[in-house]
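A closer look at the structure
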Amino acid sequence: MQNYRIPLQAMIVIILLITVTAFAGCGQKNEVNKGEQITVTDIAGRQVILKVPVERVVTTFNFEGYIAVAGQDAFKKIVGWTRGYWEGRRQWIWEKYTNAFPEIKDIPDVGYTSKGTFSAEKVIALNPDVVIMAEFEKKKAETAIKQLEQAGIPVIFIDYHAQTLKNHIKSTLLLGKVLGKEKRAQEIVDFYQEQVNKVYSRLEKIDKQKPTVYVEGGWNGPSTYGNSYGNYMWGALIEKCGGINIAKGKIERWGPLNPEYVLKTNPDVIIITGSYWPKNPDSMRLGYYANLEESKELLKNFTKRPGWENLNAVKNNRVYSIHHGLSRQIYDFVSVQAFAKWFYPEEFKDLDPEESFKEFHKRFLPVDYSGVWMMSIKD
């Protein structure tokens, strides 16, 4: 039997071929694993099985939360959403995004849970990989959710309404896991914690009488008292930021307070929330296209209600306005900072919630900051 010697150059070629083949095999394996099946626990404590990262998404609320985490591919993945809420109740936000991304006007509407129009049939026809809903919608769309799950479409719940640090972090990280954007989600969580800790780390050291606070939704204008909030949304936020909510114990979730009660309690701070509600020209206006002078005049009109000239808040110019959508969003740290600054001006004089919101836009949102989102009657 003859002994054959393989030349050195030939040996090198063989080794290179084996190496290239091995790497090619690894590439094929990674491509298969791209649709990895995982089990996540959503904010409602439900275990949900789905394949990640998802490519087809239906979302019904917290649009900016989804957009912030999803990043540049956000709109490419949305195959259906609750257009009625965003377009109908947050018109200036809708206008800002549709001006920047006209194509989103063509995304199908799947209905609105709060109006009873959410359609499981429409969602199923869109064949999404996941449906992302706010936790408060769970009871409102119970039957539709069962239909989606029976059709093999996973539904996950997130929650920014409770305004707890735990739910906020968990919801953001859950979105990151589902969307394949875990690093970005963690960056948002880190930024959020940094911003709220600027308030919470100082509040516990403040030893002075807490201000009494009245919050009212400003969509009715001055002629009719709008909703105030008990231990929910704005009401809960008052307490978290070191204030005393005059609606606590009078309203369970939301509803108007008796005007005589407001006069009797004589709050130290008054906050009127604003947005863009064009059906009522006297409503408080804030948002991407708000004008400071116009908003200031609208806010002054609220102080002209009978008896309000005698309120401490009015006499001391401690009357403020903040955008109504800032209380239950991924960026609600803006409200935390604004409330703390309004309640304790000296202790938080270095805090600038507007700059914080501008930074969030720059880092995590696909549209530029503009307009007026919070203001004092003195501005």
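Above: the structure in question.
Residues numbered from 1 in each chain as written. Predicted model: local features only at pLDDT ≥ 70, side-chain atom pairs only at ≥ 80, totals over all residues. Heavy atoms only, no water.

Take the packing of aromatic side chains next. Tallied over the full model, the rule gives 32 aromatic pairs. Their ring planes at 55° and their centres at 5.8 Å tell us that F333 and F360 sit as a pair that is tilted. Of the two residues, F333 sits in helix α14 (residues 333–343) while F360 sits in helix α15 (residues 353–364), which places them 27 residues apart along the sequence. For the pair F333 and F360, a shared accessibility class is recorded, and that class is buried. Through pairs of rings, three or more aromatic residues link up here, namely F191, Y192, Y288, Y331, F333, F357, F360, F364, Y369 and W373. Its guanidinium or amino end placed over the ring of W308, R305 lies 4.9 Å from that ring's centre, counting from NZ or CZ. (Phe/Tyr/Trp six-rings, centres within 6.5 Å; stacked < 30°, edge-to-face > 60°. Helix = DSSP H or I, 4+ residues; strand = E, 2+ residues; numbered from the N terminus. Buried < 20%, exposed > 50% of the residue type's maximum accessible area, 1.4 Å probe, protein only. Lys NZ or Arg CZ within 6 Å of the ring centre and 35° of its normal.)

What follows is about the nonpolar core. If you look at the biggest cluster of nonpolar residues, it comprises 80 residues, and the most contacted ones within it are Y97, I271, F339, F343 and F360. Counting residues per element, this core draws most heavily on α14, at eight residues. With near-sequence residues (within four places) excluded, F339 lies in contact with V215, W234, L237, I238, C241, I271 and I322. Ranked by size, the runner-up nonpolar core spans 25 residues in total, among them Y214, L257, M284 and V314. (Core = buried A, V, L, I, M, F, W, Y, C linked by side-chain atoms within 4.5 Å. Contact = heavy atoms within 4.5 Å.)

The next thing to look at is the sheet that holds strand β13 (residues 374–376). The five strands are arranged β9-β7-β11-β12-β13 in an open sheet whose pairing can be described as mixed. Each edge of the open sheet carries a strand with a single partner, namely β9 (244–245) and β13. Bridge count between strand β7 (residues 212–217) and strand β11 (residues 269–274): five bridges; the pairing is parallel. Looking across to β11, one finds that V215 is bridged to I271. Along the sheet, helix α12 (residues 292–302) makes contact with β7, β11, β12 (319–323) and β13, crossing β13 at roughly 60°. (Pairing = 2+ DSSP bridges. Axes fitted to C-alpha atoms, helices over the stretch in contact; angles between N-to-C directions.)

Bringing α15 into the picture now. For α15, built from twelve residues, the straight-helix expectation of 16 Å at 1.5 Å per residue is met to within 8% by its first-to-last C-alpha distance of 16 Å. Here α15 has its buried residues at P353, S356, F357, F360, H361 and F364. Axial view of α15: buried residues confined to an arc of 145°, hence all on one face. For α15, the secondary structure elements touched by its buried residues are α2 (63–70), α9 (182–203), α14 and β13. (Expected span 1.5 Å × (residues − 1). Arc of directions from axis to C-beta.)

Attention shifts here to the sheet that holds strand β6 (residues 155–158). Read across the sheet, four strands follow the order β4-β3-β5-β6 without closing on themselves; strand pairing throughout is parallel. The open sheet has two edge strands, β4 (78–81) and β6, and neither has a second partner. Recorded for the sheet is a direction-independent mean angle of 25° between the axes of neighbouring strands. Here strand β5 (residues 130–134) pairs with β6 via four bridges, running parallel. Note on β6: the bridge partner recorded for A134 is I158.

Attention shifts here to helix α7 (residues 142–150). For α7, the full list of buried residues reads A144, I145 and L148. The buried residues of α7 occupy an angular sector of 100° when the element is viewed end-on, so they sit on one face. Turned more than 90 degrees off the buried face of α7, the exposed positions are T143 and Q150. The first or second residue beyond α7 is G152, which carries a positive phi of 85°.

All told, the structure shown has eleven salt bridges when counted by the stated rule. For R46, the salt bridge goes to E149, with nearest N and O atoms at 2.4 Å. Taken as a pair, R46 in the loop between β1 (36–41) and β2 (47–52) and E149 in helix α7 lie far apart in primary sequence, 103 residues in all. For E149, a relative accessible area of 38% translates into the label partly exposed. Residues K358 and E355 are paired through a salt bridge, measuring 3.5 Å at the closest nitrogen-oxygen approach. One end of the pair, K358, and the other, E355, are both in helix α15, three residues apart, so they sit about a helical turn from each other. Among the charged side chains, a network of salt bridges with common partners joins D42, R46 and E149. (Salt bridge = Lys/Arg side-chain N within 4 Å of Asp/Glu carboxyl O.)

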